[in-house]
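Listed below are the residues making up each chain.
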Amino acid sequence: MAALEEDFTLSGLVPGAGLDGLLGVEQGLKGDLFLVTDRGRTVILYKVSDQKPLGCWSVKQGQKITCPAVCNFQTGEYAVVHDDKVLRVWKNEDVNLDKVFKATLSADVYSIHSVQNTEPLVLFREGAVRSLDVLLAEPQQKIEAVISDEEVIKWTKLFLDSNQPVLIFVTEKHGNYFVYVQMFNPHNLCKYTLLPGEEPPVTLSFAASVNGRLVTLLCLSCTGCIYETLIPLNHGKPEEKKVLVTSLLLKTYVSGDVLKGVSFAILDKDHVAVMGTSLKAPKENISIWNIKFQTLQTSKELPQGTSGQLWCYGEKLFILHGKFLTVIPFKCEISSLAAALGKLKNIQAPGTQTMSHFVNWGAFQGDGLESRDSNNLTPLKGQSKRSLRTRKNETRSQLEDSTNKQFLSGIKDASEKHLDQQLSKFLADKRTPDFQITIGHIVSELVGRCKTEPPFYPQSSLVQLIQTQVLSYSLCPDLMAVVLEKRDVHLLQLCLQQFPDIPESITCACLKVFLSIGDDSLEGTNVNMESVIGYIDFPQNEKTGKKEVLQNGFSPVLLEEENIDDKLNKSDGMMNTTLTCPVTPQKAALLNAILHSAYSETFLLPNLKDLTVQHVILFLQYLHFLYEKCSENASMTLPGPCPPTLNQIMDWICLLLDAHFTVVVMIPEAKGILTSLYKFVKAQVWVYSELNKIEGSLQQLQKLHQQRNMGLYSIEVLELI
Amino acid sequence: MAAAERGASRPTGDNRTSRRRRPPPLTLSAHFRLRGVGDYFRGQSARTWCEVEAGWGGERTIVRDAGLEAGARNPEADGGMGEFKVHRVRFFNYVPVGIRCVAYNHQSNRLAVSRVDGTVEIYNLAANSFQEKFFPGHEGRATEALCWAKGQRLFSAGLNGDIIEYDLEKMSVKYSVDGFGGPIWSMAADPSGSYLAIGCEDGSVKLFQVSPDKIQLERTLERQKGRILSLSWHPSGTHIAVGSIDYIAVLDAKSGSTTQKMLMDKRHPGSQRRRCVVWGVAFLSDGTVVSTDSAGMVQFWDSETGTLVQTHPLTSSDVLSIAVAEKEDSLVVGTAEGTIFHFQLIPSRSDGKQSQWVRTKPFQHHTHDVRSVAHSPTALISGGVDAHLVIRPLMEKVEVKNYDAALRKITFPHRRLISCAKKMQLLLFQFPQRLELWRLGATDAAGKNEDILPLSRNAEHLLQLKKKGPENICCSCISPCGSWIAYSTASRFYLYRMNYENNSVSIKRVSKLPKFLSSAFQILFSGDSAMLYVASNQGSLHVIQLLEGSLKHLHTFQPQSGTSEAISLLAVSPDGNWLAAAGMSSGVSIYNLKHLKPHCMVPAYNFPVTALAIAPNTNNLVIAHSDQQVFEFSIPQKQYTDWSRKVQKHGLHYLWLERDTPITHITFHPKRPTHILLHDTYMFCIIDKSMPLPDDKTPLFNQLSLREASENVRRRHAHAFKISKKFQPLLFMDLLDEGTLVAVERPLEDIIAQLPPPIKRKKFGT
């Protein structure tokens, strides 16, 4: 559950601020410092944890600050604009703003933006954007007008998407809203028209977040509804007049209420904070909503009134409550259905996200699949979880149907490259309720085409489709067969990671492919190495020699295993240095995908029997290596983001031995590994028997203790020798 | 002892019990049943001072039987070094009284401790922290302050408004002077010891001049607002810092005027505005005043300017007490949470020109409020509501590893509170306010080591005697036959005649006591219960013959060489011929009772006597000293015995010498002349004089390993000290008959259960 914590006020705010609000709250150089600019003449630097100001700067009487002061994270300087055109840059040590660097610009500035790791950008009233450095070099340079005369910038924000700054600003003209997305390197400005939803609401506030090439723009209307707009960040050529469709995301108030003084902020991918007052409930309050489950998480009354402004940095909300700037720390936990229903038993340790192994029955209500990989997913990850409860506009759905059909028919003859582009556009734009079915159609279409036209294999498209996380094995049973045939390990790994319902026979087929594929052919493949980076050091140069030996069927690794064993007995300190992985990291990552996949023993065992002896031994060696790695630390876990667990490793060792025991016992190569496993089992038995002994002794001790606490009087026998 | 013999001993033991007649079933009255052991602990109704409840079975004959039988038995046939039935008694409901003040005297290295009930005790830190003197408490004398003046004179002051001087030689209150300022909250002697300053309820500080035999009011200093809770002299004796509620004032001792007033910060961390009580002040020679207060702060003030120099917030509860080392480089404060904090003056610059008070070490030895602390040159001393006196040595000040290097926690008095009527199997418990008489139970069964035997009869509470008047009981004794009980307060002596008939106990006070029997420091009955020996004031020792219903004064021994020092311990020989008396410091005198004249003096020894007893037949006097040495002195030959010389030559085991509680009782085995039975709080020991003495390399506590070992090994490794640590904390142990011991334990948990709940502290992980 998300929660608002105890708020505190920052003292020392100039009394003039009042309820007419602040110009802005911006982050300072360090995480705990914040620059507060009021509507008058003052900029104050606060240290929030100390609740006290560290510095205060004012412009001269008669001057007026017109945009919030920001911190230039690269130089540690502060920048502010007063009287629309006069730019001031100063440092912490400076006392008087009149004596600091000053540059008079040729156009009115709307705002300065600055985020970590990039240089500050200046947005002019007319929509032009310059970097601060460029402006400082030539203050009087000509500033072009980008937006039309009557357009007014309503809201703006700067993001960093894959280390590239993206500036987005919203303008309004006669009740119509336009979204401009400005990108740099290459300089690229896209203009979108914001299509309102069913009824044209008066939009009060905007907020946006970026998540891998996709901007989510949220608008809060005066009816209390939050609308969502997805804007893809494509580097393609600026097209003419693009239209953005908004969809209803959340209704925060009972319909009919008209809000005023409303503001909201995105807290994380599932939570928004909404502040404001409705006509029916005149008290202002701030509330946190879970947009995934559309639940109100917490709410807090603000009896002294606010200025209708809300800023969110890190885990703190800043509001002007009464006359004071108030900081409300908040906490949002990762939302899950269980948490939303109050049934979450234990929260998983961070880093070990679980894959939901259930088929997504509720796809039409919005999918419940938990995300698994944070890095390698499509930008759609976060957005696939919206559930829309609004009535569908029939015309729109018809329109969608027709575009789907069009797209499907396009698949039949498009080239792979073209298909790729089309698909990414399609995936970016379309978030319809029957998305899953559409994707299913597309995949089966593609797979069908692969079957009929053997050279056709749209790998990147398939990757994109699988990463939508709406696919499952049963939705496209032929997909994996095709992929297996192509021996495309990258896609196989993805399927193993994403599909919750792979049959054991296919898992085994994958295992066979993984074990038999040559390390040379693995070199170039795009295998997700996340699960192995924690415990395998690479590049491992000595790998090549070993690999050849393995493929020749001769296995000196076994000898090495015995050596390891001996060394283990001799000195534990040597263990880390001698323990080497019997397979390449790529192969290890693939095998880990197998270990992670779900199976039922009964169905897996017969399929396992098909493995060749060499494969069995190699796999056993790898599992043994994993086990040894596990036992290196006390918690018996492997390092890294999502490594195989000890249980998975042990289960697979048992399964392999069950399936091939008679064979393994016979062949000399397996001797070393079997001895080592035997020793391990013996050691475990010994440990448990010792534990039993300790338990017995402790019980005895307890009995003794109980005996001691006897009554007030007894007659005992004492013998002195 | 051979295995065969040991084996044979068992049937003998069984025989013994089987031969013993089963006691007739007791017919208990309903009234008595109400006063059973269990009921007694559940609650007590108010009783009159001489209320008698008793039950009496026909046990007397049985006891006599057992005695007869024991006499008839051949000691050789008895197996082992000693197999005893032990009456393990835990119903002595003694709760030590909380400590109010501690005062350390540098000159004599002694520590005075006053308790909440007015008891004052003197501990000799040089003599293994032995509690050598003791003034019984008094209901009207709640001691709030305790101080030494003019060298070794001890004064106390309390809420009754009186200042009392104690006579440390005669062990009595010398005089008491009214302070005329209402209840006295604080008192301190000036550095020269010639003036006493008291802080009174009415806000006045009064100076008394200490003259050789009196104190006299000299002047009253400027009156302050509110009671004076703490005061401290400047080491030059010119100024006094006083702490009251919400302020500290500095007064000029000469002119009596207030020179500085420092207000406490009333803004507490908590929201509620409480008043800030200055519980303690200390005036340092550089003019710094250190204060401790109810807000949990230790604050350093500059008395010149009246400014706050340094603040140390210590706890959320009160900081109750403060004491400064004589060198002023270290100080100690005690808090209501039971923690004491050590502050040290540490040079803040390398050239040593500047230094700063730094909080260095916290110690948590108490569970309850630390009401008072003291600072000896080598140790921090603290005492409080939980009644423990803790002497925590500062390891950096200790040069050699000896007694002083060990942490001391003194909980129980170093004197006997229990006496025993062996033949009747009665125990007399002495509480400050009352006496209790209990009769031990019985068993028919026999068993081997560690067995708990089924009881055929439980222990019975026979009688409770409440003291009369405000004074607490200072000593008591029951005669060996059980028919006499005597006790004394500081000013009155009481003697009772007991009568046990059928199922009841009757008690009758002996009213006609001679005039000189006004008080006693020590009372003893002779072995045949025919004589009473009373150590009285002025060091006199009365010998009184007890007749049925009357007394006959036979003789009074006056102290030799004109000293009037009080006698602290008495011992009489079983044949009634010899009486040994130990003074506080003057050594042991032996008197011949047959001829009623002094016999001799035991050669003087540096350490006080903690216990003494005279062995039957040989009339050897065994003396235990506070340094854990044990001597045996032959009375007829007037010299130390050969065994004693051997022990001194050989030296005692280092573990024996490192014990930290004194031996409080010595007794002998009637059939085994080579045995000496003695105990301290944590062990019971039988010394077999016929066995080799252990040297430092042999394990002293070897009973457990011997038990496991074979007979041969046993014979090789056994030594003279048979020690059992089974009974702890052991307040009393005595031999009832040759096969039966009584051990009175007082488990600490039972004491803690009766203390008020401590301040709840947040513990990590709870």
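An unreviewed UniProt entry lists chain B under the name U3 small nucleolar RNA-associated protein 4 homolog, with Monodelphis domestica given as the organism. In its Subunit (unreviewed entry) section, the UniProt entry covering chain B states "Interacts with HIVEP1 Interacts with NOL11. Part of the small subunit (SSU) processome, composed of more than 70 proteins and the RNA chaperone small nucleolar RNA (snoRNA) U3. May be a component of the proposed t-UTP subcomplex of the ribosomal small subunit (SSU) processome containing at least UTP4, WDR43, HEATR1, UTP15, WDR75."

As annotated in an unreviewed UniProt entry, chain A carries the name Nucleolar protein 11 and is attributed to Monodelphis domestica.

All names here are of chain A. For the structure shown, the criterion picks out 31 aromatic pairs over all chains. Geometrically, the ring pair formed by Y78 and W90 is tilted, given 5.5 Å between the ring centres and 45° between the ring planes. With a gap of 12 residues between them, Y78 in strand β8 (residues 77-82) and W90 in strand β9 (residues 86-90) connect regions that are remote in the sequence. One exposure class covers both Y78 and W90, and it is buried.

Quick look at the nonpolar core now. Residues and elements named next belong to chain A. Ranked by size, the top nonpolar core spans 90 residues in total, and within it L479, F499, F514, L608, F619 and Y622 carry the most contacts. With 11 residues, the top contributor of residues to this core is helix α16 (residues 613-630). Of the residues that make up this core, three or more belong to each of domain 1 (389-502) and domain 2 (503-541 + 569-706 + 716-721). Apart from the residues lying within four places of it in its own chain, the contact partners of F619 are L511, L515, L591, L595, W652 and L656.

Our focus in this paragraph is the sheet that holds strand β13 (residues 129-131) of chain A. The strands that make up a sheet are held in pairs by hydrogen bonds between backbone atoms, and each pair lies either parallel or antiparallel. Residues and elements named next belong to chain A. The 3 strands are arranged β11-β12-β13 in an open sheet whose pairing can be described as antiparallel. Single-partner strands in this sheet number two, and they are β11 (109-113) and β13. The mean inter-strand angle of the sheet, taken between neighbouring strand axes irrespective of direction, is 20°. Summarising the sheet, strand β12 (residues 121-124) and β13 pair through 3 bridges and their orientation is antiparallel. Of the residues in β13, the one forming a bridge with L121 is S131.

Contact residues are listed per partner, giving 41 residues for chain B and 13 residues for chain A. Considering only the surface of chain B that becomes buried against chain A, B:R88, B:R90 and B:I452 emerge as the three largest contributors, covering 22% of it. At the boundary of chain B and chain A, one finds 2 salt bridges. The closest approach of N and O atoms between B:K726 and A:E716, which form a salt bridge, is 2.8 Å. Across the contact surface, chain B and chain A share 15 residue pairs in polar contact (both at pLDDT 80 or more). Those elements that place two or more of their residues in the side of chain B that touches chain A are α1 (3-19), α3 (37-42), β1 (82-89), β33 (452-453), β53 (684-688), α7 (703-708) and β54 (721-724) of chain B. Considering each element in turn, the side of chain B that touches chain A owes the most residues, 8 residues, to β1(B). Partitioned by chemical class, the residues of the side of chain B that touches chain A number 19 nonpolar, 9 polar and 13 charged. Across 2 bridges, strand β30 (residues 713-720) of chain A lies against β33(B) in antiparallel orientation.

How each quantity is defined
Residues numbered from 1 in each chain as written. Chains lettered and ligands numbered in written order. Predicted model: local features only at pLDDT ≥ 70, side-chain atom pairs only at ≥ 80, totals over all residues. Heavy atoms only, no water. UniProt positions renumbered as here; feature names shortened; annotations may be inferred. Phe/Tyr/Trp six-rings, centres within 6.5 Å; stacked < 30°, edge-to-face > 60°. Helix = DSSP H or I, 4+ residues; strand = E, 2+ residues; numbered from the N terminus. Buried < 20%, exposed > 50% of the residue type's maximum accessible area, 1.4 Å probe, protein only. Core = buried A, V, L, I, M, F, W, Y, C linked by side-chain atoms within 4.5 Å. Domains from an automatic or database assignment. Contact = heavy atoms within 4.5 Å. Pairing = 2+ DSSP bridges. Axes fitted to C-alpha atoms, helices over the stretch in contact; angles between N-to-C directions. Buried area = accessible area lost by both parts, 1.4 Å probe. Salt bridge = Lys/Arg side-chain N within 4 Å of Asp/Glu carboxyl O. Polar contact = N/O pair within 3.5 Å; in protein donor to acceptor, adjacent residues only side chain to side chain. Nonpolar A, V, L, I, M, F, W, Y, C, P; charged D, E, K, R; others polar.

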